[in-house]
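Structural overview for review
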Amino acid sequence: MLLVVYVFGLTLAALELSLPKFQLEYLTLPEALLKPETNIADVSSVLYPDRAYSFYFRALQAEMCAGPRRKTPPECRKRAPVKPHEIRELIERSLATGNRSIEMAMYNYAFVLLQENAASELVDEAIREWRFNYPQSPKTDPREMYRQMSQSIQGGRRIDDGEFEDRAK
Amino acid sequence: MSLGYIRSPTADLFWFVALPPIALAIAFFFHNSLPYIAQASIAVWITAPHHYAGWVRGYGLDEDWQRWHHRLIFGPIVLIPSIVLGTALVPITLGIVFLLWDHQHSLMQQYGFARIYDFKAGTDAPHTKRFDFLLSIFLYGNILLTTPLWSELWVAELYRWDAALHVETIQLIQATSWMVLGVYVVVYLGHLIVGGVRGNRINPMKYLFLTSSYGLWYFVSYQDSFLLYLVAHRIMHGVQYILMVYWYVENKAERTGRTPLLLSNLNLSRYLLLGAAYAIVYHFVTGGNLSLLSFGLINSLQSDPILNFSLEKATGFYAATAISAAAACHYYLDSYIWKIRDPEIQEGL
């Protein structure tokens, strides 16, 4: 038995070492979420349309395609535009299945609520739910994360505006 | 037909037939009422003690030590450095190997119990072993390939290896798996009928046990909750193993008249208490914290909107409760175990 485990393990290890690099968040990359015909969001939605992961992958896909069309990856332009509140609704449907094993769904739900300027009670409840289930999570509080991201986006906008003003000049 | 039991009719019906649905009920309680982190407490209180039972079984019996001492010594010497290297160099491979090994280990445990049922009932006909083994492989393999819980996992994993599949390919794999299982079930039934014609008997307890075990696995694998699987499976697997080891050691001692020193005073309560002690030591040695021992209680105290305890306060509450409980038990015990007027106590003075 040990021999079988070793042979299988060594084969897999050789493959792992030969691949260029492994990303921990490989399912959030454009290749995984947007590749025509084989992206995880579409594949899982066809296989298991009502399951938590399917809704969550669709939310990730929508998040990748949200925003001005010209700024989204080319694959997004072949898809229907992301509707207002679509990401939030998809995460809500994921959470409504009762599956609590996707920590990022809980975490991102709070984040999306912050992005949508939802009522503070809703945000607090979402964060409480995430903390209740994952009390030892090392992730930054979504409020703090949102604050940092908002600041960096504003900083980016200022740079963009500056560039625009420079060019206009 | 011929009945045979691992322990006794009542014990077997409870621990091998009723335990899986009971474990499911407990899992649903976890799913509906406890935080997700509470499933980790099952690993602490059930899985770790089942490892301890394995140590007792592997290293606690002189006879086994004499038979297998080379394996018992060199196995860990080969395995542990491999794991250290694997963790450092190929962690994903190590994770996949361990996941698959865990599945193989789980199915082999139930297969082993099924073999014991045939052994006990004298129903171990020629080729039964092979037919049962293949039945286990096809039944369990089909769970991994076709059920949503596990399909989601391997389908997603393929993206990491840049080997994503089309929906049609996945559906083809799953349909093939069901077909192979269906064909094999027909073959298996044929084997039973032919065996019956030849005068071979079967032990219905074996099939009740297998139905209950695979019923649990199939049921949780169709649910949209990994927590249900983690809790129900760990309870079934761990509890059955812990008991099996205890019964094995007890039977050995009774039948051979030789009880190893380590196990000479090991009644069931002490065996379980030692398992719990092992779990606590193992938990803290591997860097675990108090929170995981408490089924999420400490964290619930913190996240409760009314109590809103700080970590220190929640830990303090837990510690104060534990200390008070220990003290209360101590006071209560001392109130009756030291009665000097009692002749039986006088004997010890």
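See the structure shown above.
Since the structure is predicted, the reported quantities are computational estimates derived from the model, not experimental observations. (Residues numbered from 1 in each chain as written. Chains lettered and ligands numbered in written order. Predicted model: local features only at pLDDT ≥ 70, side-chain atom pairs only at ≥ 80, totals over all residues. Heavy atoms only, no water.)

1. Section: the overall build of chain A
In terms of regular secondary structure, chain A is built from 8 helices and 0 strands. When the helices and strands of chain A are listed from N to C terminus, the series reads α-α-α-α-α-α-α-α. Counting the 169 residues in chain A, one finds 37% classified as buried. Sequence-distant contacts in chain A: of pairs separated by 6 or more residues, those separated by 24 or more amount to 52%. As displayed, chain A has an accessible area near 10,100 Å², and 58% of this comes from carbon and sulfur atoms. (Helix = DSSP H or I, 4+ residues; strand = E, 2+ residues; numbered from the N terminus. Buried < 20%, exposed > 50% of the residue type's maximum accessible area, 1.4 Å probe, protein only. Contact = heavy atoms within 4.5 Å. Areas by Shrake-Rupley, 256 points an atom, 1.4 Å probe, with all protein chains shown as cover.)

2. A word on the packing of helix α2 (residues 38–59) of chain B against helix α3 (residues 62–89) of chain B
All names here are of chain B. Running from N to C, α2 and α3 point in directions that differ by 125 degrees, and their axes come no closer than 9 Å. Relative to α3, the element α2 lies oblique. Contacts from Arg57, Gly58 and Tyr59 in α2 reach Asp64, Trp65, Leu72 and Pro76 in α3. Of the residues in the contact of α2 with α3, the class split is 4 nonpolar, 1 polar and 2 charged. (Axes fitted to C-alpha atoms, helices over the stretch in contact; angles between N-to-C directions. Parallel < 35°, antiparallel > 145°, perpendicular 65-115°, else oblique. Nonpolar A, V, L, I, M, F, W, Y, C, P; charged D, E, K, R; others polar.)

3. Quick look at the state of the cysteines
Residues and elements named next belong to chain A. All told, the structure shown has 1 disulfide over all chains when counted by the stated rule. Between the sulfur of cysteine 65 and that of cysteine 76 lies a disulfide, 2.0 Å long from S to S. Between cysteine 65 and cysteine 76, the S-S torsion sits near -75 degrees, and that sign places the bridge as left-handed. Here the residue cysteine 65 occupies a position in helix α4 (residues 52–65), and cysteine 76 occupies one in the loop between α4 and α5 (86–96), the gap between them amounting to 11 residues. When sorted by exposure, cysteine 65 lands in the same class as cysteine 76, which is buried. (Disulfide = S-S within 2.5 Å.)

4. Focus: the interface of chain B and chain A
At the interface, 52 residues of chain B touch 40 residues of chain A. Carbon and sulfur atoms supply 65% of the area that chain B and chain A bury against each other, a total of about 3,900 Å² over both sides. Broken down residue by residue, the surface that chain B buries against chain A is led by Tyr36, Tyr159 and Asp224 of chain B, which jointly contribute 18%. Counting across the chain B and chain A interface gives 2 salt bridges. Here glutamate 152 of chain B makes a salt bridge to arginine 51 of chain A, at a shortest N to O gap of 3.0 Å. Where chain B touches chain A, the interface holds 18 residue pairs in polar contact (both at pLDDT 80 or more). Every element with two or more residues in the side of chain B that touches chain A is listed here: α1 (9–33), α3, α4 (91–121), α6 (148–160), α7 (167–197), α9 (226–256), α11 (290–293) and α12 (297–303) of chain B. The element best represented in the side of chain B that touches chain A is α6 of chain B, accounting for 9 residues. In terms of residue class, the side of chain B that touches chain A is made up of 30 nonpolar, 18 polar and 4 charged. (Buried area = accessible area lost by both parts, 1.4 Å probe. Salt bridge = Lys/Arg side-chain N within 4 Å of Asp/Glu carboxyl O. Polar contact = N/O pair within 3.5 Å; in protein donor to acceptor, adjacent residues only side chain to side chain.)

5. As for the pattern of salt bridges
Going through the model one piece at a time under the given rule, you end up with 16 salt bridges over all chains. Its salt-bridge partner being glutamate 250 of chain B, residue arginine 7 of chain B comes within 2.7 Å of it at the nearest N-O pair. Taken together, the residues span a long stretch of sequence, with arginine 7 of chain B in the segment before α1 and glutamate 250 of chain B in helix α9 at a distance of 243 residues. Each of the salt bridges in this network shares a partner with another, and the network as a whole consists of Arg51 of chain A together with Glu152 and Asp224 of chain B.

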